Amino acid sequence: MGFSIALIVFSGLLMLLVLMHKGKGGGLSDMFGGGMQSSVGGSSVAERNLDRITVVVGLLWFACILTLGLLMKSSG
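Analysis parameters
Residues numbered from 1 in each chain as written. Predicted model: local features only at pLDDT ≥ 70, side-chain atom pairs only at ≥ 80, totals over all residues. Heavy atoms only, no water. Helix = DSSP H or I, 4+ residues; strand = E, 2+ residues; numbered from the N terminus. Buried < 20%, exposed > 50% of the residue type's maximum accessible area, 1.4 Å probe, protein only. Areas by Shrake-Rupley, 256 points an atom, 1.4 Å probe, with all protein chains shown as cover. Polar contact = N/O pair within 3.5 Å; in protein donor to acceptor, adjacent residues only side chain to side chain. Expected span 1.5 Å × (residues − 1). Contact = heavy atoms within 4.5 Å. Arc of directions from axis to C-beta.

**Student:** Go over the overall build of the protein, please, and point to the residues and values.
**Tutor:** Scanning the protein for helices and strands turns up two helices and zero strands. For the protein, with 76 residues in total, the buried portion stands at 18%. Split by element, the accessible area of the protein, about 5600 Å² in all, is 75% carbon and sulfur.

Structure (structure tokens):
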């Protein structure tokens, strides 16, 4: 039960994080200050941190999928 709830939470969070990323024409990240271009690097600190958070949440989402699959396989 706990992993199912975690999967729902991580799914919603992952959707929001992906939508906040800057695309070719900008994205929702422009609203939160992630759209400001840095002249030194290719992307701003906010965009890099958003990338890192998205990867971590994606890995947690994947771990929940695997755990639920293994639990369903062992119980059935």
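**Student:** Explain the environment of Arg52 to me, and be specific about the residues and the numbers.
**Tutor:** Among the structural elements, Arg52 can be located in helix α2 (residues 45-75). Polar side-chain contacts of Arg52 include one of 3.0 Å to the side chain of Asn49.

**Student:** Describe α2, and please don't skip the residues or the numbers.
**Tutor:** Taking 1.5 Å of rise per residue, the 31 residues of α2 would be expected to cover 45 Å, and the 45 Å separating its terminal C-alpha atoms lies within 8% of that figure. Inspection of α2 places Glu47, Leu50, Thr54, Val57, Gly58, Cys64 and Leu68 among the buried residues, and these make up the whole buried set. Taken together, the buried residues of α2 touch α1 (2-20).

**Student:** Give a detailed account of α1, specifying residues and quantitative values.
**Tutor:** Every α-helix winds through 3.6 residues per turn, so residues three or four apart in the chain are directed the same way. With 19 residues, α1 extends 27 Å between its outermost C-alpha atoms, agreeing within 8% with the 27 Å of an ideal straight helix rising 1.5 Å per residue. Listing the buried residues of α1 in full gives Leu7, Phe10, Leu14 and Leu17. All buried residues of α1 lie within an arc of 100° about the axis, which places them on one face of the element. In α1, the exposed residues that point more than 90 degrees away from the buried face are Ile8, Val9, Met15, Leu16 and Leu19. At its buried positions, α1 is contacted by α2.

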